[in-house]
Amino acid sequence: MIRVEGLTKAYGPIQALRGVSFQVQAGEIVGLLGPNGAGKSTIIKILTGYLQPDEGIVEVDGLDVLTHRLEVQARIGYLPENTPLYPDMTVQAYLKMMADLRQIPPEKQTEYISEAVYATDIAGFLNRPIGKLSKGMRQRVGLAQAILHKPRLLILDEPTIGLDPTQLVEIRQLIRRLAQHSTVLFSSHILPEVEAVCHRAIIIMNGQIKADARLADLAATQNAILTLQRPVEGFESAVRQVRGVKRAERLPSTDGPSYRIYGEDNADLCPALFAAAAQMGWPVRELRADTRTLESVFNELATRA
Ligand code: ADP
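Predicted, not measured: the structure shown is a model, and the values here were computed from it.

Asker: I'm lost on the side chain of Thr 8 in this one. Help?
Answerer: Within the fold, Thr 8 resides in strand E1 (residues 2-11). Residue class for Thr 8 comes out buried when judged on its relative accessible area of 13%. Residue contacts for Thr 8: discarding those within four places in its chain leaves Gln 15, Leu 17, Arg 18, Gly 19, Pro 53, Asp 54 and Glu 55.

If you want it as structure tokens, here you go:
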């Protein structure tokens, strides 16, 4: 659905993107995650045809964004970081204006607007002026305009910024719901946001992609944690003999001796350890794969940037 290849962009002396490449398949929900200034909005503006890259290929649904800008924009629902909403207009009038702008035929407008209103749950305040709505409600109106023309791809720039905790939960649920019908790419500088909504994260820092993986894979390690019911003489040297094990490190623990067992690349450690424990008669209380928090992954990438 999205193909980006070797994207670069400078604003005068500021190199905002330094060779960004990624793909998003239809049906995916992907978070573009990175600190402020990383280049997220620049990528999004290029993808949506509002900004020209210096170099690189950008395709949406197989169409080159640079040469087929209008066709691409017709396929995308876009929620910019600061949605231009008109404070004196009612929600109803605003959606009608957007339907006209989107060139939805007049006879279809009522149906399309109703569907967007229903999906974003804004029926209760259609006659209110936009300026009188809370930030969370305004964001839902912004999402309603983004999905009005039933786009197959939704691109949302920091959709939850400035929301209070209740509104945040509502907008996250709404994004997940919208993702049932469209591919979604959204940006955020907040890690829990990405964890809450999507399965895959593209981590961008300083105009470069630092990681692009399923969240579960980012958190995974080669290691296992093994806890014994009681100390076993010579355990550390015995466990080093197990296939795929590099070394074992004793962890501070109160309920029985606990070890982090370091595995070699691609070693499937838990089954090998389980078999060894059965063979050696080790009194195992717990054996599990070791995982890192995404926060530690993110911090590690940030310090390497
Ligand atoms: P993010 O969305 O991740 O916060 P941006 O894409 O907005 O990052 O910005 C990337 C870099 O480009 C930052 O250093 C920012 O200051 C700079 N930048 C963005 N827009 C402009 C602009 N219009 N003029 C000059 N510099 C800009």
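Asker: What is the right way to look at the sheet that holds strand E13 (residues 258-263) in this model?
Answerer: Whenever strands of a sheet pair, they do so through backbone hydrogen bonds, lying parallel or antiparallel. The strand order across the open sheet built from 4 strands is E12-E13-E11-E14, with neighbouring strands paired in antiparallel fashion. In this open sheet, the two strands that pair with only one neighbour each are strand E12 (245-251) and strand E14 (284-291). Pairwise comparison of adjacent strand axes, ignoring direction, gives a mean angle of 25 degrees for this sheet. Direction of pairing for strand E11 (residues 220-228) relative to E14: antiparallel, over a ladder of 6 bridges. Bridging across to E14, Ala 220 finds its partner in Thr 291.

Asker: Explain helix H1 (residues 40-47) to me, please; I cannot follow it from the model alone.
Answerer: In an α-helix, one full turn covers 3.6 residues, which means residues spaced three or four apart are oriented alike. Counting buried residues in H1 gives 7 out of 8 residues, a clear majority hidden from the surface. The complete set of buried residues in H1 reads Lys 40, Ser 41, Thr 42, Ile 43, Ile 44, Ile 46 and Leu 47.

Asker: What exactly am I supposed to notice about the sheet that holds strand E4 (residues 55-60) here?
Answerer: In spatial order, the strands read E2-E1-E4-E5; together these 4 strands make up an open sheet with antiparallel pairing. Here the strands that pair on one side only, and so sit at the sheet edges, are strand E2 (14-24) and strand E5 (63-64). Judged from the 2 bridges that link them, E4 and E5 form a sheet pairing that is antiparallel. Each residue of the ladder has a partner; that of Val 60, found in E5, is Leu 63. Along the sheet, H1 contacts E1, E2 and E4; its crossing angle with E2, the most-contacted strand, is approximately 60 degrees.

Asker: Even after reading the chapter, I still don't get the packing of helix H5 (residues 135-147) against helix H6 (residues 165-178), so can you show me in this structure?
Answerer: Helix packing geometry: the angle between the two helix axes and the distance between the axes. Packing of H5 against H6 brings their axes to within 10 Å, and their N-to-C directions diverge by 15 degrees. Comparing the axis directions of H5 and H6 gives the class roughly parallel. As H5 packs across H6, the resulting crossing turns out to be right-handed. Taken together, the residues of H6 that come into contact with H5 (itself represented by Lys 135, Gly 136, Gln 139, Arg 140, Leu 143 and Ile 147) are Gln 167, Glu 170, Ile 171, Leu 174 and Leu 178. In the contact of H5 with H6, the residues fall into 5 nonpolar, 3 polar and 3 charged.

Asker: Would you take a moment to explain the pattern of salt bridges for this structure?
Answerer: Side chains that differ in charge, positive against negative, can pair when their charged atoms come close. Inspection of the entire model under this criterion finds 16 salt bridges. A salt bridge links Glu 249 to Arg 260; the nearest nitrogen and oxygen atoms lie 3.7 Å apart. Of this pair, Glu 249 sits in strand E12 while Arg 260 sits in strand E13; the two residues are 11 residues apart in sequence, bridging distant segments of the chain. The exposure class of Arg 260 is partly exposed, given its relative accessible area of 22%. Close ionic contact of Asp 290 with Arg 260 constitutes a salt bridge, the shortest N to O distance being 2.7 Å. Of this pair, Asp 290 sits in strand E14 while Arg 260 sits in strand E13, and the two are 30 residues apart along the sequence.

Asker: Got a minute to help me understand the pairing of E11 in this structure?
Answerer: Consecutive residues of a regular strand have side chains that alternate between opposite faces of the sheet. Bridge analysis of E11 against E13 gives 4 bridges, and the strand direction is antiparallel. When the bridges of E13 are listed, Leu 226 appears paired with Tyr 259.

Asker: Mind showing me how you'd approach the pairing of strand E10 (residues 208-214) here?
Answerer: Here strand E9 (residues 200-205) runs beside E10; their pairing, made up of 6 bridges, is antiparallel. Within E10, the position partnered with Ile 202 by the bridge is Asp 212. In this structure, the hairpin formed by E9 and E10 is closed by a connection of 2 residues, where Asn 206 is found at a positive phi of approximately 55 degrees.

About the thresholds
- Residues numbered from 1 in each chain as written.
- Predicted model: local features only at pLDDT ≥ 70, side-chain atom pairs only at ≥ 80, totals over all residues.
- Heavy atoms only, no water.
- Helix = DSSP H or I, 4+ residues; strand = E, 2+ residues; numbered from the N terminus.
- Buried < 20%, exposed > 50% of the residue type's maximum accessible area, 1.4 Å probe, protein only.
- Contact = heavy atoms within 4.5 Å.
- Pairing = 2+ DSSP bridges.
- Axes fitted to C-alpha atoms, helices over the stretch in contact; angles between N-to-C directions.
- Parallel < 35°, antiparallel > 145°, perpendicular 65-115°, else oblique.
- Left-handed = near helix turned anticlockwise from the far one by under 90°.
- Nonpolar A, V, L, I, M, F, W, Y, C, P; charged D, E, K, R; others polar.
- Salt bridge = Lys/Arg side-chain N within 4 Å of Asp/Glu carboxyl O.

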